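Letter by letter, the chains look like this.
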2 protein chains.
Amino acid sequence: MPPLTTPKSGDALFASVERVNAELFTLTYGAIVRQLLTDLEEVEEVNKQLDQMGYNIGTRLVDEFLAKSNVSNCADFKETADTIAKLGFKMFLGVTATVTNWDAEGTTCSFVLEDNPLVDFVELPDTCQGLQYCNVLSGVIRGALEMVSMKTEVTWVRDMLRGDDAYEMRVKLTKQVPEEYPYKDDD
Amino acid sequence: MPPLTTPKSGDALFASVERVNAELFTLTYGAIVRQLLTDLEEVEEVNKQLDQMGYNIGTRLVDEFLAKSNVSNCADFKETADTIAKLGFKMFLGVTATVTNWDAEGTTCSFVLEDNPLVDFVELPDTCQGLQYCNVLSGVIRGALEMVSMKTEVTWVRDMLRGDDAYEMRVKLTKQVPEEYPYKDDD
């Protein structure tokens, strides 16, 4: 018997959610980064705050994702990564990521983004060269995965704001806590 | 001869722009407010910062609005207010506002919002009762109008976060600088 619900396509999923103008979002995010730079002085501190902010957001977004996407349990980290890249990015940012550069163990991979609504109109001034402008995104991934029992480390290895040809974040699974259900699965 | 371009409908306009998930936007905006509350201590200072942030965003958004909406000169403040309510709000937030409570001079009116994506899931703790959570919106209006030569004061008179039945901001035109064109209009 096929599953009662099949996961939606990324396009259907994106069409099914409430949306706001991407430029408004981009400018709002830019305003946060500017505010943090003014308040915190140290670029390294700003990077940490953006990551923490993303983590908090990710722990919330995962609920909306699971509720709307019809995705149920992913078999392994690989399937989870594909789901985030194809459905998660699409549902929230309207773009998809490519999953690539898997290590032999299947516990580390890269998400590559060629289109990133977060950075439209952004140029880093010389004084901010250490800024990880998109740290909110890596934080969101880390926060969302932790809610489904996967502890990860997420780091940026390519960044178009620093002159690279794409955005690439490296996601390393460090610990997977088996989910325990209070009920037996009947499948 | 009819004008070569007619303004788009709000729905067509909203469909024509890049969009992101509203919940992501809401949570991101919530993260800014939380950050400012942590950094600035005084609620009144947070209100000012949110307004200033909105002003800066508004001065940018007006360009996208004029470029995409096919709106050309509005005849007066009344037409401008209607355009913002029906097209501006729709284009950026996906909702429309009602324009109401005009004064006799036609220089002060209210925008009433019944649906406000900024505040989904938000509850103000008792310690934040003076917080004008949506000040970014009034700042956006003020900034955008200033770019089309209308100086305004914008204040919140109803706020659902404080128990009112809708969101209402009062917009008062304080000064209108006639636009001077370097060229003659041929219409």
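Residues numbered from 1 in each chain as written. Chains lettered and ligands numbered in written order. Predicted model: local features only at pLDDT ≥ 70, side-chain atom pairs only at ≥ 80, totals over all residues. Heavy atoms only, no water.

Naming follows an unreviewed UniProt entry, where chain A appears as Trafficking protein particle complex subunit of Triticum aestivum. Annotation of chain A in UniProt includes, under Sequence similarities (unreviewed entry), the sentence "Belongs to the TRAPP small subunits family. BET3 subfamily." Entered under Function (unreviewed entry) in the UniProt record, the comment concerning chain A runs "May play a role in vesicular transport from endoplasmic reticulum to Golgi." (UniProt positions renumbered as here; feature names shortened; annotations may be inferred.)

Chemist: I'd like a description of the relation of the copies chain B and chain A, backed by residues and values.
Modeler: The two copies are related by a screw operation: chain B maps onto chain A through 180° of rotation and 0.0 Å of translation along the axis, at an RMSD of 0.0 Å. Here the symmetry operator amounts to a two-fold rotation axis. (Least-squares fit on C-alpha atoms with pLDDT ≥ 70 in both.)

Chemist: Which residues make up the pairing of strand S3 (residues 108-113) of chain A, and what are the values?
Modeler: All names here are of chain A. Taking burial as the measure, the six residues of S3 include six buried ones, the bulk of the element. Every second residue of S3 is oriented toward a common face, with Thr-108, Ser-110 and Val-112 on one face and Cys-109, Phe-111 and Leu-113 on the other, all of them buried. As defined by bridge partners, strand S2 (residues 98-100) adjoins S3 across three bridges and the pair is classed as antiparallel. Bridge pairing in S3 links Val-99 to Phe-111. Pairing between S3 and strand S5 (residues 167-176): six bridges, direction antiparallel. What sits directly across from Val-112, in S5, is Glu-168. (Buried < 20%, exposed > 50% of the residue type's maximum accessible area, 1.4 Å probe, protein only. Helix = DSSP H or I, 4+ residues; strand = E, 2+ residues; numbered from the N terminus. Pairing = 2+ DSSP bridges.)

Chemist: So, helix H3 (residues 43-69) of chain B: which residues are in play, and what are the values?
Modeler: Between its terminal C-alpha atoms H3(B) stretches 36 Å, which fits the 39 Å expected from 27 residues at 1.5 Å a residue. Along its length, H3(B) shows its largest kink, about 25°, at B:Arg60. (Expected span 1.5 Å × (residues − 1). Bend = angle between axes of the 7 residues up to and from the residue.)

Chemist: Describe the nonpolar core, and please don't skip the residues or the numbers.
Modeler: Formed by 112 residues in total, the largest nonpolar core has its most connected members in A:Phe111, A:Tyr133, B:Phe111 and B:Tyr133. For B:Tyr133, the residues in contact, after removing those within four places along its chain, are B:Tyr29, B:Gly30, B:Val33, B:Leu50, B:Leu118, B:Val119, B:Val122, B:Leu124 and B:Leu161. (Core = buried A, V, L, I, M, F, W, Y, C linked by side-chain atoms within 4.5 Å. Contact = heavy atoms within 4.5 Å.)

Chemist: Pulling in residues and values, what's your account of helix H4 (residues 77-93) of chain B?
Modeler: Residue and element names in this part refer to chain B. By the largest-angle criterion, Ile-84 marks the main kink of H4, which is about 35°. Most of H4 is tucked away: 13 of the 17 residues are buried. Just downstream of H4, Gly-94 is the residue with a positive phi angle, here 80°.

Chemist: Before we move on, can you summarise the interface of chain B and chain A with the specific residues and values?
Modeler: Counting residues at the interface gives 29 residues for chain B, matched by 29 residues for chain A. Summed over both partners, the interface of chain B with chain A buries about 3,000 Å², with 66% contributed by carbon and sulfur atoms. Summed over the three residues of chain B that lose the most area to chain A, namely B:Val20, B:Asn21 and B:Leu24, the buried surface amounts to 20% of that side. Between chain B and chain A we count zero salt bridges in total. Where chain B packs against chain A, one counts seven residue pairs in polar contact (both at pLDDT 80 or more). Elements that contribute at least two residues to the side of chain B that touches chain A include exactly strand S1 (19-21), helix H2 (22-40), H3 and H4 of chain B. (Buried area = accessible area lost by both parts, 1.4 Å probe. Salt bridge = Lys/Arg side-chain N within 4 Å of Asp/Glu carboxyl O. Polar contact = N/O pair within 3.5 Å; in protein donor to acceptor, adjacent residues only side chain to side chain.)

Chemist: I'd like a rundown of unusual backbone geometry, residues and numbers included.
Modeler: Generally, phi is negative for residues other than glycine and the peptide bonds are trans, each holding for most cases. Of note, A:Asn70 is a non-glycine position whose phi angle comes to about 60°, a positive value. Relative to the elements of secondary structure, A:Asn70 occurs in the loop between helix H3 (43-69) and helix H4 (77-93). Of note in this structure, B:Asn101 is not a glycine but carries a positive phi near 55°. Inspection of the secondary structure puts B:Asn101 in the loop between strand S2 (98-100) and strand S3 (108-113). Judged by relative accessible area, which is 41%, B:Asn101 ranks as partly exposed.

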